[in-house]
Amino acid sequence: MNTPFAIEVDKLTKRFGDFIAVNAITFKVKKGEIFGFLGANGAGKTTAIKMLIGLSKPTEGMGKIAGFNVDTEPEKIKKNIGYMSQKFSLYDDLTVVENIQFYGGIYGLSRKKIKEKTTEILEELELTEVSKSLVISLPLGWKQRLAFAISMVHDPEIVFLDEPTGGVDPRVRRQFWETIYQVAEKGRTVFVTTHYMDEAEYCDRVSIMVAGKIEALDTPHNLKQQFEATSMDEVFLKLAR
Amino acid sequence: MDAITVEHITKKYGDVLALNDVSFTVGKGELFGLIGPDGAGKSTLFRILTTLLLADKGKGTVAGHPIVNEYKEIRKKVGYMPGRFSLYQDLSIEENLSFFATIFGTTVEDNYDLIKDIYVQIEPFKKRLAGKLSGGMKQKLALCCALIHKPEVLFLDEPTTGVDAVSRVEFWDMLKKLKTKGIAILVSTPYMDEATLCDRIALIQNGEILKIDSPQQMISNFEKPLFSINSTETYRLLNYLRVQNFTESVLPFGENLHLITNEPYEASQIEYHLKIAGFSDNTAKTIQPTVEDIFLDISQPVN
Ligand SMILES: Nc1ncnc2c1ncn2[C@@H]1O[C@H](COP(=O)(O)OP(=O)(O)OP(=O)(O)O)[C@@H](O)[C@H]1O
Ligand SMILES: [Mg+2]
């Protein structure tokens, strides 16, 4: 079972009562791809991501993540993916090291492995000096990179990033995208949402959701041609309302 | 009379200097932007001016009232939207809004025209609990709640974080309208295209104000040679340019790279150099900076 796809989604749907938050979306994401999942507020991005990572059951439709079925194998999916939520899920009142150990534990890593990972993350992010500081005292940009590293503590094949750069300043956003590129270069698949349209240009392909449906999906280059636009910002403004 | 005055305000947390001798004024009907990296001290300043936190040194006034002695008056006259939402998650959209109207002794109907442009976007869901809204929908509701008592001075700490690109445009159109009603607005934002829409901006870093000016003036004062370069091999070109002697800085800007050189060049010289270096299809243009270029130029790298 060796498919070239990390994510395969077919008519995936989520209803809350009579409200359809995600309306029969269908798409595939290749392994190693940086896939931008765009859309206006309330379009259904976070709701879709929650189904893709096995946190919420689809009302209808099918999804396969790393070869596992979102409906019947959510536990296997959780072990094979990383997730960074719209509000990073670090514990503010734990130290940097404690946060890493905590998540390592949740993912069932051995003690030895957790130790290795801790050293690796502290060194890569140059956080060794503040390893014993409470997370609450770190600048937002550091928290965000720590949250990203921790979401990959178990070496997942795919990472889901829900607005990882929300509220982050222009310099730190650029550093963060460097890290995304490095992760993708190692062959991991990155599935990312953002409201910064310059970041949409950094993705291999992007989809744009409008009111629960995917209305466009292609490379940034092709989308700009298709919508006769000079930037992704323009494409988005034309489509999203 | 100025809507906000800040004189030599200093604030320390332990031995961290969050604000260092900060001074500026905001006029009535002025839209004033605070622009700076994460941790620059913006939110601390918001908390001091909204009387939630005391400064160690310095003084200030809001709507004519000194911030320390007349905090009760100030709280009635300002609207504040903190970085983190201050909504009641277990109340609906509608209930949150009328709650905020009631505590200020007004009604939603009285000031509906102030919030209308943004509120219509979430109104179809008005029975939904705030806890079940998407991130951007929460931001929109929080803004409506901050405005519903028709404040004289509005403090917005990153109001558009998480707000989509279309709504951001509408949001700023609305701020422009509030200005014409004489409301003074102090706003922080990580979006540099929004900074450009302010009357004046203060660039703030490590608790100090580096510059205060209109965005247009900052742009025309920028003197470094700046180029926008397009290539099909953006990432390779970025890594190449980073290590060249003539490069002062090079950063991605959407599909282009922006290059600042340490000496003046013609764009054609840059193009030629890059062709020789194997980037056959590149184009280079001399450009005017945006506020984002200026921000990146003066903000120090984090590590
Ligand atoms: N538990 C729930 N009950 C009812 N409605 C919900 C629930 N969760 C989400 N919704 C609704 O589903 C829609 C999609 O929300 P979602 O959070 O997926 O949007 P989003 O695309 O992530 O938006 P944003 O860009 O603002 O984060 C919204 O209208 C939201 O209010
Ligand atoms: Mg969301």
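On a predicted model such as this, the values are computed, not experimentally measured, just so you know.

S.K.: How would you sum up the sheet that holds strand β12 (residues 247-253) of chain B? Please name residues and give values.
M.R.: Residues and elements named next belong to chain B. In space, the 4 strands of this open sheet follow the order β12-β13-β11-β14, with antiparallel pairing throughout. Each of the sheet's edge strands pairs with one partner strand only, and the pair in question is β12 and β14 (283-286). If you compare each strand with its neighbour and ignore which way they point, the axes differ by 25 degrees on average. Here 4 bridges tie strand β11 (residues 226-230) to strand β13 (residues 256-261), and the two strands are oriented antiparallel to one another. Each residue of the ladder has a partner; that of F227, found in β13, is L259. Docked against the sheet, helix α9 (residues 234-242) engages β11, β12 and β13, running at close to 160 degrees with respect to β12.

S.K.: So, the nonpolar core: which residues are in play, and what are the values?
M.R.: L146(A), F148(A), L161(A), V190(A) and F236(A) are the most contacted members of the largest nonpolar core, which has 52 residues in total. The greatest single-element share of this core, amounting to 6 residues, is contributed by helix α5 (residues 140-151) of chain A. If we skip the residues at most four places from it in the chain, L146(A) touches L90(A), V96(A), I100(A), I121(A), L125(A), L127(A), V135(A) and L138(A). Grouped together as the second largest cluster of nonpolar side chains are 51 residues, L87(B), A130(B), F171(B) and I201(B) included.

S.K.: Residues and numbers for the site of ligand 1, please.
M.R.: Taken together, 21 residues lie near ligand 1, and K45(A), T46(A), T47(A), R128(B) and S134(B) sit nearest. More than one chain reaches ligand 1: the nearby residues come from chains A and B. Note that an oxygen atom of ligand 1 is positioned 3.3 Å from one of the backbone N or O atoms of A43(A). In this structure, an oxygen atom belonging to ligand 1 sits 2.7 Å away from a side-chain N or O atom of T46(A). Taken by itself ligand 1 offers 650 Å² of open surface, and the protein chains cover 89% of this. Put simply, the parts of the chain that give the shell around ligand 1 at least two residues each are β2 (19-30) and α1 (45-52) of chain A together with α5 (135-147) of chain B.

S.K.: An account of the interface of chain B and chain A is needed here, citing residue identities and associated values.
M.R.: As a measure of interface size, the accessible area lost when the parts come together is often cited. At the junction of the two partners, chain B supplies 42 residues and chain A supplies 41 residues. Overall, the association of chain B and chain A removes approximately 3,200 Å² of surface from exposure, summing both partners, and the carbon and sulfur fraction of that is 53%. Between chain B and chain A we count 4 salt bridges in total. With a closest N to O distance of 2.6 Å, K224(A) and E255(B) form a salt bridge. Linking chain B to chain A there are 12 residue pairs in polar contact (both at pLDDT 80 or more). The residue inventory of the side of chain B that touches chain A, partitioned by class, reads 19 nonpolar, 12 polar and 11 charged.

S.K.: Describe the layout of surface pockets, naming the residues involved and giving the relevant values.
M.R.: Roughly 1,300 Å³ of volume is contained in the second largest pocket. Residue lining of the second largest pocket: 46 residues in total, with R174(A), W177(A), E178(A), Y181(A) and Y235(B) positioned closest to the centre. Residue assignment for the lining of the second largest pocket shows that the elements contributing at least two residues are α4 (111-124), α5, α6 (170-185) and α8 (220-226) of chain A together with α9 and β12 of chain B. It is α6(A) that provides the largest number of residues to the lining of the second largest pocket, a total of 9 residues. A class-by-class count of the residues in the lining of the second largest pocket yields 19 nonpolar, 11 polar and 16 charged.

S.K.: Describe the pattern of salt bridges, listing the residues and the values that go with them.
M.R.: Taken as a whole and judged by the stated rule, the model has 31 salt bridges over all chains. Among the salt bridges present, the one from E201(A) reaches K224(A), with a minimum N-O distance of 2.8 Å. Within this pair, whereas E201(A) is found in the loop between α7 (197-200) and β9 (205-210), its partner K224(A) is found in helix α8, the two being separated by 23 residues in sequence. Its relative accessible area of 14% is what places E201(A) among the buried residues. D173(B) is the partner of K176(B) in a salt bridge, and the nearest nitrogen-oxygen pair spans 3.9 Å. Of this pair, K176(B) and D173(B) both sit in helix α6 (residues 165-180), 3 residues apart, which is roughly one turn of that helix. For D173(B), a relative accessible area of 40% puts it in the partly exposed group. Counted as one network, the salt bridges with shared partners bring together K113(A), K117(A), E120(A), D155(A) and R188(A).

What counts, and at which threshold
- Residue positions within a chain follow its written sequence, with the count starting from 1.
- Lettering for chains starts from A, numbering for ligands starts from 1, and both go in the order in which the items are written.
- Totals for whole chains, interfaces and linings use every residue, but because this is a predicted model, local features are given only for residues with pLDDT of at least 70 and side-chain atom pairs only at 80 or more, for both listing and counting.
- Excluded from the side-chain calculations are hydrogens and water; all other atoms, namely the structure's heavy atoms, are used.
- Only strands that DSSP links by at least two bridges are regarded as paired with each other.
- In this description a helix means any DSSP run of H or I spanning at least four residues, a strand means any run of E spanning at least two, and both kinds are numbered starting from the N terminus.
- Throughout, an axis means a line fitted to C-alpha atoms (over the contacting stretch in the case of helices), and angles, computed between N-to-C directions, take values from 0 to 180 degrees.
- In this analysis, two residues are considered to be in contact whenever any of their non-hydrogen atoms come within 4.5 Å of each other.
- What makes a nonpolar core is a set of buried Ala, Val, Leu, Ile, Met, Phe, Trp, Tyr and Cys residues whose side-chain atoms join them at distances within 4.5 Å.
- Between buried and exposed lies partly exposed: a residue is buried under 20% and exposed over 50% of the maximum accessible area for its type, with that area taken using a 1.4 Å probe on protein chains only.
- One heavy atom within 4 Å of a molecule or strand makes the whole residue count as near it.
- Identification of polar contacts relies on pairs of N or O atoms within 3.5 Å, with a donor-acceptor requirement for protein atoms, meaning one able to donate a hydrogen and the other able to accept it, and with residues adjacent in sequence counted only if both atoms are side-chain atoms.
- Surface accessibility follows the Shrake-Rupley procedure with a 1.4 Å probe radius. Residue values consider only the protein chains on display as shielding.
- The term buried area means the drop in 1.4 Å probe accessible area that two parts suffer when joined, counted for both and summed.
- Only one rule defines a salt bridge in this text: a Lys or Arg side-chain nitrogen within 4 Å of an Asp or Glu carboxyl oxygen.
- Classification used: nonpolar for Ala, Val, Leu, Ile, Met, Phe, Trp, Tyr, Cys and Pro, charged for Asp, Glu, Lys and Arg, polar for all others including Gly.
- Buriedness for pockets is judged along seven lines, at least five of which must meet protein on both sides within 12 Å for an open set on the 1 Å grid over protein atoms alone, while cavities are sets there where a 1.4 Å probe fits but cannot get out, and lining residues have an atom within 4 Å of a point.
- Grid points are joined across faces, edges and corners, and a volume is the space filled by probe spheres set on the points.

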